[in-house]
Amino acid sequence: MLVKIKVRPASSKAGIERKSDEAFIVKTRAKAEAGKANNEALEIVGRYFGVPTSGLKIIRGLRSKNKIIEIKN
């Protein structure tokens, strides 16, 4: 399953909210440096969907705020 997310790094609170049927906004406390915000975003998405981070992969947007994540079943 593919999921579109928009990451908002360095937010005051970490969390996830549904933007539309397929898109989510993921707020991370980590800054967007050295992949820290990406790692935290994957942890948040994994908790939301009940999947370990090893079952998640960033398909597109590794250095962008807009990302597409693959969730492996």
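Keep in mind that this is a model prediction, so the values were computed, not measured.

Novice: Mind showing me how you'd approach the packing of aromatic side chains here?
Specialist: Each aromatic ring pair is summarised here by two numbers: the centre-to-centre distance and the angle between the ring planes. Applying the stated rule across the entire model yields three aromatic pairs. Measuring from centroid to centroid gives 5.4 Å for Phe24 and Tyr48, while their planes differ by 65°, and the two rings are edge-to-face. Within this pair, whereas Phe24 is found in strand β3 (residues 23–27), its partner Tyr48 is found in helix α1 (residues 36–49), the two being separated by 24 residues in sequence. The interplanar angle of 85° and the centroid separation of 5.7 Å between the aromatic rings of Phe24 and Phe49 together place this pair among those described as edge-to-face. In this pair, Phe24 is assigned in strand β3 and Phe49 in helix α1, connecting sequence segments 25 residues apart. Each member of the aromatic cluster is reached from another via a ring pair, and the members are Phe24, Tyr48 and Phe49.

Novice: Hey, could you run me through unusual backbone geometry in this one?
Specialist: With the exception of glycine, most residues fall at negative phi, and the peptide bonds are largely trans. With phi around 60°, Ala10 is a residue other than glycine that occupies positive phi space. Relative to the helices and strands, Ala10 resides in the loop between β1 (2–8) and β2 (15–18). The residue Ala34 is not glycine, and still its phi comes out positive at about 55°. Of note, Ala34 is situated in the loop between β3 and α1.

Reading guide: rules and limits
Residues numbered from 1 in each chain as written. Predicted model: local features only at pLDDT ≥ 70, side-chain atom pairs only at ≥ 80, totals over all residues. Heavy atoms only, no water. Phe/Tyr/Trp six-rings, centres within 6.5 Å; stacked < 30°, edge-to-face > 60°. Helix = DSSP H or I, 4+ residues; strand = E, 2+ residues; numbered from the N terminus.

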